[in-house]
Structures are given as C-alpha cells and as structure tokens.
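# Understanding the architecture of this molecule
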Amino acid sequence: MPAESSFDIVSRIDRQEVDNALNQAAREIGTRFDFRGVGASIAWSGDHTVEIRANSEERAKAVLDVFKEKLVKRGVSLKTLDAGDPRLSGKEYRLGVGLKEGISSDDARKISKLIRDEGPKGVRAQVQGEELRVSSRK
C-alpha cells in the first residue's frame, strides 16, 4: 500500500525582512529632503501592526509608498499589507498598517471546495487552523 502524500497551503511573512524594510524606510524618511519638517515617522505598533505618522494625509501616504517600495525590494508580497485610511489625531495624521498572516477560514473553505470540485479524484483538503493540508494516496 503506497504512503500518503501531502502538502500544506499557508500564508506566512518573514518578520525579519519586514523589520529590515521598516528600518530602511525609517532611515530614508529621516534623510529625504521632502520629509524634513513634516514630522513623518514609521514604527512598529504591536506585533502585526505598523504605525505611520505625518502632519498631512499626503505625507502619510508617501511614507506608506516608501515602506511598500522597501518591502518589494526585500521580496515581501504587498498582499500581506492591510492599510487603512489616514485619520486625524490631534495635529497629526496616523495610518495603521496591519500585516496579514495565515489563511482565513472563509478562504480555506473556498480553496478546499475548489480542490474537491476541480481537483483529481481521491484528493482531500483539511482545514487546520490557519493552514490547509492537501493529501492523497496517488
């Protein structure tokens, strides 16, 4: 009887690469001429959230663009970012950027249904927390 083969479908981010991209973006924001005197900054705000601060909405979005550029250079997918809209907090604008990790249960169910309907016969897909295990004997 042949052994069962399997693989996992997961969505993980390399936190070290994101941290390096964040540090590079912060360094560039500190040295670029167009960010001088606007109070622009970028920093971690928890484990999976980055907070961007600036004195105008356009500057906050520009800081986000610099951060995205650094992520792309480091090979981190921009699909992991969940950026909201800049909101006014006192005299400055704040922009919270969440980092998505894992597969949501709805997406896992959709992928599982797609594998069952269109995949080869005998292939099974099981949802295990934030990942999906696909297995088959063939």
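In this report, the structure presented in the accompanying data block is examined. Note that the coordinates shown come from a computational prediction; the quantities given were computed from them, not determined experimentally.

## Some thoughts on the nonpolar core
F35, I42, I52 and F67 are the most contacted members of the largest nonpolar core, which has 25 residues in total. Those elements giving two or more residues to this core turn out to be helix 1 (15-31), strand 3 (49-54), helix 2 (57-73) and strand 6 (92-99). The contacts of F35, once residues within four sequence positions are left out, are I29, A40, R59, A62, V63 and V66. Grouped together as the second largest cluster of nonpolar side chains are seven residues, I103, A108, V123 and L132 included.

## Digging into the environment of V18
Tracing the sequence through the fold places V18 in helix 1. For the pair V18 and D65, spaced 47 residues apart in sequence, the C-alpha to C-alpha distance is 14 Å. Ignoring any residue separated from it by four or fewer positions in sequence, one finds V18 in contact with W44, F67, L71, V76 and L99.

## Topic: helix 1
In an α-helix, one turn spans 3.6 residues; hence positions three or four apart end up facing the same way. For helix 1, which comprises 17 residues, the first-to-last C-alpha distance of 25 Å matches the rise-based estimate of 24 Å (1.5 Å per residue) to within 8%. Its buried side turned inward, helix 1 meets strand 2 (41-44), strand 3, helix 2 and strand 6.

## Re the side chain of E28
With respect to the helices, strands and loops of the structure, E28 is situated in helix 1. Within the structure, E28 has its side chain in polar contact with the side chain of K70 (distance 2.8 Å). If near-sequence neighbours (up to four positions away) are discounted, E28 is found in contact with V66 and K70.

## Concerning the pattern of salt bridges
As a working rule, side chains carrying opposite charge can pair if their charged atoms are close by. Summed over the entire model, instances satisfying the criterion amount to 15 salt bridges. For D34, the salt bridge is made with R59, and the minimal N-O distance between the two is 3.7 Å. Linking D34 in the loop between helix 1 and strand 2 with R59 in helix 2, this pair joins segments that are 25 residues apart in sequence. Owing to a relative accessible area of 31%, D34 belongs among the partly exposed residues under this scheme. Overall, R59 belongs to the partly exposed group, its relative accessible area being 25%. For E69, the salt bridge goes to K73, with nearest N and O atoms at 3.8 Å. Taken together, the positions of E69 and K73, both in helix 2 and four residues apart, correspond to about one turn of that helix. K73 gets classed as exposed once you look at its relative accessible area, which sits at 62%. It is possible to trace a salt-bridge network through shared partners that takes in E28, R32, D34, R59 and K70.

## Describing the pairing of strand 3
Note on strand geometry: in a regular strand, side chains alternate between the two faces of the sheet. Pairing between strand 2 and strand 3: four bridges, direction antiparallel. For W44, the partnering residue across the bridge sits in strand 3 and is V50. The turn linking strand 2 back onto strand 3 is made up of four residues, and G46 within it adopts a positive phi angle of 105 degrees. Note that strand 3 and strand 6 share six bridges and pair antiparallel. When the bridges of strand 6 are listed, A54 appears paired with Y93.

Cut-off values and rules
- Residues numbered from 1 in each chain as written.
- Predicted model: local features only at pLDDT ≥ 70, side-chain atom pairs only at ≥ 80, totals over all residues.
- Heavy atoms only, no water.
- Core = buried A, V, L, I, M, F, W, Y, C linked by side-chain atoms within 4.5 Å.
- Buried < 20%, exposed > 50% of the residue type's maximum accessible area, 1.4 Å probe, protein only.
- Helix = DSSP H or I, 4+ residues; strand = E, 2+ residues; numbered from the N terminus.
- Contact = heavy atoms within 4.5 Å.
- Expected span 1.5 Å × (residues − 1).
- Polar contact = N/O pair within 3.5 Å; in protein donor to acceptor, adjacent residues only side chain to side chain.
- Salt bridge = Lys/Arg side-chain N within 4 Å of Asp/Glu carboxyl O.
- Pairing = 2+ DSSP bridges.

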